[in-house]
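Listed below, chain by chain, are the residues.
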Amino acid sequence: MTHWYEGPLAALRLRATGPDAEEDRLVTAAVVVQDLAGARPRVLRWLVSPGVTVTEEEAARHGLTRDQVERTGRWPAPVMEEVGRSLAAHAAAGRPLVVDDAPAALTLLDRELRRHRASSLGAYLAGVPLSVLDPRVLDTHLDRYRKGSRQLDALCVRYGVPAPPPHDAAEEARTTIEVVRALARVFAPRLQRLTPGELHALQEDWHTAQVRGGAARPARERADTTWPLRPRAAAAV
């Protein structure tokens, strides 16, 4: 019997102009699919010219120059269409989606779809649920007494996964898959009987408890317990 964490997984990784999922804009994106543990992944990459002025400092955070972003990046609208359709295809196939810090990433994508496609992530999914696996939420719940960071670089150390090269969204996405596989093997007695859909539902509760306990994110964000997609602010509806 092949357990879910040895089977097909997809991963989404986004990089933006800043940390605010409501207002910042997408710069790079990647979707990586691995059909079996150890198999060669399939990779989709996007570079976006976000339609707003990008400072040299913002570009440098992604290993790019401002000129590269503005001249080489694609217009946002078709990129959002392609990313949205990609996630919809994975949902329709029942393929679990690994997203590190899912509320930040999926909220950013949803807001960009609204901004550039007059749509939403939910509309692209058309009622087909995503089964999201968030390594931060999983690790925080399963290894709750460990001190220190739960960010991707720290999880790589914890689970013996080589760290990705800097500024590469596709390699970061591939790494999140490897981290989830390694984490699930460590905690197999607690996870192997659960389906990804069941784990998705459990993570909603786990994330709520983590935020209320102050473990999940900076103090300015602790009021939002929603996972994996934050609701829009009332003023934005």
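Figured I'd write up the structure that's included with this text. (Residues numbered from 1 in each chain as written. Predicted model: local features only at pLDDT ≥ 70, side-chain atom pairs only at ≥ 80, totals over all residues. Heavy atoms only, no water.)

**Some details on the overall build of the protein**
How we decide: Labels follow the DSSP assignment, with helices taken as runs of H or I lasting at least four residues and strands as runs of E lasting at least two, numbered in each case from the N terminus. Note on method: radius of gyration uses C-alpha positions; expected globular size equals 2.2 Å times residues raised to 0.38. Whether two residues are in contact is decided by their heavy atoms: any pair within 4.5 Å suffices. Methods summary: accessible areas were calculated by the Shrake-Rupley approach with a probe of 1.4 Å, and residue burial reflects only the protein chains presented. Only four residue types enter the charge count: Lys and Arg as positive, Asp and Glu as negative, with His and the chain ends excluded. Every charge is mapped onto a representative atom, which is NZ of Lys, CZ of Arg, CG of Asp or CD of Glu.
Of regular secondary structure, the protein possesses 10 helices and five strands. A compact globule built from 237 residues would reach a C-alpha radius of gyration of about 18 Å, and the protein, at 17 Å, matches this within 12%. With the C-alpha coordinates aligned to their principal axes, the bounding extent of the protein is approximately 50 × 40 × 35 Å. When contacts within the protein are restricted to residue pairs at least 6 apart in sequence, long-range pairs at least 24 apart make up 66% of them. If you sum the accessible surface of the protein, you get close to 11,200 Å²; carbon and sulfur atoms cover 52% of it. Charged side chains in the protein number 33 positive and 30 negative. The centres of these two groups are separated by 3 Å.

**Looking at the pattern of salt bridges**
Any two side chains of opposite charge can pair, given that their charged atoms come close. Keep this limit in mind: By definition, a salt bridge exists where a carboxyl oxygen of Asp or Glu is found within 4 Å of a side-chain nitrogen of Lys or Arg. Remark: exposure states derive from per-residue accessible area (1.4 Å probe, protein chains only) relative to the maximum for the residue type, with buried under 20%, exposed over 50%, and partly exposed in between.
Throughout the structure, instances matching the rule amount to 22 salt bridges. Its salt-bridge partner being E172, residue R15 comes within 2.6 Å of it at the nearest N-O pair. Pair noted here: R15 is in strand 1 (residues 9–16) and E172 is in helix 8 (residues 169–186), with a separation of 157 residues, a long-range link. Taken as a pair, R15 and E172 share a single burial class, namely buried. Between R136 and D101 there is a salt bridge, and its shortest N-O distance comes to 3.9 Å. Remark: D101 occurs in the loop between strand 4 (97–98) and helix 4 (102–117) and R136 occurs in helix 6 (residues 135–142); sequence separation between them is 35 residues. Judged by relative accessible area, R136 falls into the partly exposed class, the value being 22%.

**Quick notes on the sheet that holds strand 2 (residues 26–34)**
Operational definition: A strand pair is defined by DSSP finding two or more bridges across the two strands.
Spatially, 3-2-1-4-5 is the arrangement adopted by the five strands of the open sheet, whose pairing is mixed. With one partner strand each, in any of the chains shown, strand 3 (42–47) and strand 5 (132–133) form the two edges of the open sheet. Two elements, strand 1 and strand 4, share two bridges in a ladder whose sense is parallel. Bridging across to strand 4, A10 finds its partner in L97.

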